[in-house]
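# Overview (structure and organization)
The lines below spell out each chain.
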Amino acid sequence: MNALLLTLSLAAGQSEDSARASYRQGIDERDDSKAARPHFAESAAEYRELWERGNRSPDLALARARAEFLAGNLPGAIAAAHAGLRIAPHHAGLQRDLETYRDAVVPGTAVQADESLRQPRLDGVRTRVGPWDLFAIATVATILLGLAAIRRFSRGGTWTLPLALLGTLGMLLCGGLAGKRALEEQNDLAEPIAILSEDETLRKGNGESHAARIEVPLPRGTEVREIGRRGGWIQVRVAGGAIGWLPEPALLAIP
Amino acid sequence: MSRTGELLLALVAFCGSARAEPPTSLEQLSPVDRTQADFYGAIAGPGPGVTAAWSLDSDRVALGGDIALTLTVTNAANPGELLRPNLAERPEWKELFGAIRDEPAKSPGEFRYRLKPRNAGRFELLVPKYRFYQPRLPDGRRFQTAFVENPTLVVDEAVAVSGPSIRIPLEAPARFFDEPPDPPASRASPPAGLWCGLFACGAIVPTAWIALWRRNNPDGAKLARIRRAKSVRAALDALGRAERSPELVSKILLRYLQDRWHLPASAQAPSEVATALRIAEVPRARIGELEQLLNRCDGVRFGNIADNGVSLAGAAVDLIRGWEGANG
């Protein structure tokens, strides 16, 4: 068993080195996009494989998303950034990169003009407060409560009560934030994000025969939330509120 | 001529003038006409009729590249009102091209598309029918179909670039060209063990501290208990800051007795205090001890006794602790 784990970790290490080497080669060739892109594509494929093997960390997602972007695969980059943000929604690097990828999505003027097709923005408690922040708040609150208890049951003192109040407030804040984060996570799971891998028309029903929700197709890289499936079509909700159907092959699920 | 005859002549003249001015705008067509299939809003101007031509910028493209397709509509009376045929929603076009994007036109009556083929090969592009409205024809024959030729596109498997090629640098924020971050550099969240450790420490450390302190200060626990009463705590703190003043020591003691033992505010002299406490059924030994201390305070205050405030404050602290039961 140990030998198997060792072999797996060695293989992961080699693959990671290989992905980094391909990325570096791409950087070396950056003055010629035609020559650089295949290296980045190779790097992205290796990072993707690592991710699928379970080596999931926000930094791996960041590297993978950048490799996908530099390889010219914008939907892949957005999907990878979302995959990283799913495990670390507060990761500042991933958030900043996702904004860059979103800026690269070029909607037509008709799509831009329609407020119901507006793209999402990063919001919610999870994108601002990370688990380490919660841990820091809980640590301070625990220290305050501990000091208050020590003071109360030894020498006594006038500042025991404010100390205990502050500690209790810290604990309540920590609990509230953790609860809000859990709720947001649950909502995310209920309506998972999917990325449009190619330009596609948003339809009013699950078939080509149904009328378009808007005549101009949604651009590749558009982020939608899946709310249902039927007959090879996925019912989606755009952040602006528009609801429609898109063919399943045109959507990229978050790995 | 009669009035009816004049009206009839005017009506005929109006109809004649209407016939002479064919519609030049979509608004002049009926809603039924406007929604005809394959009709993109073209109304024929003077001349033979509307012409529509589809043309590619080049008849060859390498796989992975893209090419521009242009539809040019001429001889329409309303070029500004023409609608763009939506190629992106035609299944046969979606099968051929991975991306179909609209591009801005150079002039009215022109529509440009940017196409990206999916596969290599030779393809005849089946362009949509183009119908237009010919107002000069009789009713029922006014919708005519313009002749359009299907352009042919050859998609090459790979392009062997010969000669000097143009090098286009990759465009991305500078941080994208830094070394890729080391994946295990950061942990997304604290491990569960750390949380357990925090809460365990939060419970164990104060408990251990208090137990240790009480073990080393056996009287401290009792002192801590009596200090929980606000008046006792205030008296002990005030005696600590009493600046060695006998008058202040006696005032603090009286204040403590008023708060804790309901001594009337009128009892100020040692004998009055003793009488009031006797009525309140405080044990005589304690009253004697208190009266003695108050007399000492008065004695030091008026210079009758050679004592100082330090010993008085200490005696007052001992007295309070004794009364509160902290001295055993």
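Parameters at a glance
Residues numbered from 1 in each chain as written. Chains lettered and ligands numbered in written order. Predicted model: local features only at pLDDT ≥ 70, side-chain atom pairs only at ≥ 80, totals over all residues. Helix = DSSP H or I, 4+ residues; strand = E, 2+ residues; numbered from the N terminus. Buried ≥ 20, exposed ≤ 12 C-beta atoms within 10 Å, placed from the backbone. Contact = placed C-beta atoms within 7 Å. Pairing = 2+ DSSP bridges. Axes fitted to C-alpha atoms, helices over the stretch in contact; angles between N-to-C directions. Nonpolar A, V, L, I, M, F, W, Y, C, P; charged D, E, K, R; others polar. pLDDT = per-residue confidence, 0-100.

Turning next to the overall build of chain A. The secondary structure content of chain A amounts to 8 helices and 5 strands. Ordered by position from the N terminus, the helices and strands of chain A form the series α-α-α-α-α-α-α-α-β-β-β-β-β. Expressed as a percentage of its 255 residues, the buried residues of chain A come to 41%. Taking all contacts inside chain A whose residues are at least 6 apart in sequence as the whole, residues at least 24 apart take part in 61%.

The next thing to look at is the sheet that holds strand E7 (residues 121–124) of chain B. Residue and element names in this part refer to chain B. What the 3 strands build is an open sheet, ordered E3-E10-E7; its pairing is mixed. The two strands at the open ends of the sheet, each matched to only one other strand, are strand E3 (60–62) and E7. Strand-to-strand, the axes of this sheet are offset by a mean angle of 25 degrees, without reference to chain direction. Bridge analysis of E3 against strand E10 (residues 152–156) gives 3 bridges, and the strand direction is parallel. Within E10, the position partnered with alanine 62 by the bridge is aspartate 156.

Interfaces are often sized by the accessible area lost when the parts come together. Counting residues at the interface gives 44 residues for chain A and 40 residues for chain B. Contributing elements (two or more residues each) for the side of chain A that touches chain B: helix H1 (2–28), helix H2 (33–52), helix H3 (58–70) and helix H7 (131–153) of chain A. When residues in the side of chain A that touches chain B are grouped by element, the largest group, 11 residues, is from H7 of chain A. Partitioned by chemical class, the residues of the side of chain A that touches chain B number 21 nonpolar, 11 polar and 12 charged.

Residues at a pLDDT of 70 or more form 92% of chain A, whose mean pLDDT is 86. Mean pLDDT across the secondary structure elements of chain A bottoms out at helix H6 (residues 109–113) of chain A, with 68, and peaks at strand E4 (residues 243–247) of chain A, with 93.

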